[in-house]
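Examination of the molecular architecture
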Amino acid sequence: MKDQARLSHLKKNVAAFEQTNTRSSIWQLINTLGPLLLLWYAAYLSLSISYWLTLPISIVAAGFIIRTFIIFHDCGHQSFFKSKRANDIVGTITGVITLCPYQQWKNTHAIHHATSSNLDKRGTGDMWVLTIEEYVAAGFWQRLAYRFYRNPLVMFVLGPIYIFLISYRFNRKGAKRKEKINTHVTNISIVVLYALLCWAIGWEAFVLVQAPVFFVSGMLGIWLFYVQHQFEESYFEHDEEWSYVNAAVEGSSYYKLPAVLQWITGNIGFHHVHHLSPKVPNYYLEEAHNATPPLQKATTITIGTSLKSLRFRLWDEQRKTFVSFGEVRHLLRKSSAATEQAAGPGSGSPLRGNNVTR
């Protein structure tokens, strides 16, 4: 009841910002897709001068891919246009540009919002997070897989390839017909678009321009999602203690970015506001934050402080904070010694037999 009252109070404060402004949405489409097309073409033209000129232009273009993704994201929440049909059409088109199947992403992201920071409902639309207890109790191969997954090079370099080029190309198990069709339409559209560009400018030129656009936007996209939930004193609870409001305000950060980066990322730094009320369009998130004092108490991180999150690996349920692998090394030694002692002499590896899963 207390959580419901708090949610009702906060929702009342931000209700005024849940209104879609069609004019603002159309203008955002223009000032996002227009520069993206021009920058991509400029990057292609610059190939005849120097690839060292192409790279910075492609990096800036990658920023507009991020901004395009925010439009895609708002369409998924039905907050970009008043019309569901308009949201679905624009969402599907921007999904082709960002390599994300709209219906699939919309459905998994809705689950993410409904279960964010809930330790008993992990696994859909979120990052893989283990608690210290789960990690210590896990078997050797699960620990290895988790360490591999949480390695920054894997997450931010291999991650974009796996997620955007491989994972999103397939339908989820149990996906409904509408979602399946949308995934197929997105895949076919991407193939047609890329084939036309290769035909028009040659596959070598296409790869030289699109590769850095893809990698930079993919890495930044994963980073933004990662850092806004993986900060030191975040919020994770089991289902019986979990609170939607606390998950939004305490489990999502306010990523305070320089004005230019805030604009290019579509205000997604106000992630706590977005998680509290997904119906607020991205262009109203800052206003909602400024008009609601309780939301201003959310954990604030900057580019500098956010880099610390790279060493956060495991959730400490006792201290309610993220810790590094190094901080739990002594627990692993104790666990291995206890297992070896219980098994007796000649039992082999102390890690053998530990098969506790997430």
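From a predicted model like this one, the values you see are computed outputs, not experimental measurements.

Looking at the nonpolar core
Note that soluble globular proteins tend to have their nonpolar side chains buried in a common cluster. Judged by nonpolar contacts, the single largest core of 48 residues is most densely connected at Phe80, Phe164, Tyr226, Val249 and Tyr255. Ala43, Ala61, Phe64 and Phe206 belong to the second largest nonpolar core, which has 12 residues in total.

Thoughts on unusual backbone geometry
Despite not being glycine, Gln78 has its phi angle at roughly 60°, a positive value. As for its position among the elements, Gln78 is in the loop between helix H3 (51–76) and helix H4 (84–98).

Side note on the side chain of Asp316
If you trace the backbone, Asp316 turns up in strand S4 (residues 314–316). Residue classification places Asp316 among the buried positions, given a relative accessible area of 7%. Only 2.9 Å separates the side chain of Asp316 from the backbone nitrogen of Gln318, close enough to count as a polar contact. Residues contacting Asp316, with those up to four places away along its chain left out, are Ile132, Thr321 and Val323.

Looking at the sheet that holds S4
Judged by pairing direction, the sheet is mixed, and its three strands sit side by side in the order S1-S4-S5 without closing on themselves. If you trace the sheet from one side to the other, it starts and ends with strand S1 (130–131) and strand S5 (321–323), each paired once. In the sheet, S1 pairs with S4 via two bridges, with the strands oriented parallel. Residue pairing across strands places Leu130 opposite Leu314, the latter belonging to S4.

Calculation rules
- Residues numbered from 1 in each chain as written.
- Predicted model: local features only at pLDDT ≥ 70, side-chain atom pairs only at ≥ 80, totals over all residues.
- Heavy atoms only, no water.
- Core = buried A, V, L, I, M, F, W, Y, C linked by side-chain atoms within 4.5 Å.
- Buried < 20%, exposed > 50% of the residue type's maximum accessible area, 1.4 Å probe, protein only.
- Helix = DSSP H or I, 4+ residues; strand = E, 2+ residues; numbered from the N terminus.
- Polar contact = N/O pair within 3.5 Å; in protein donor to acceptor, adjacent residues only side chain to side chain.
- Contact = heavy atoms within 4.5 Å.
- Pairing = 2+ DSSP bridges.

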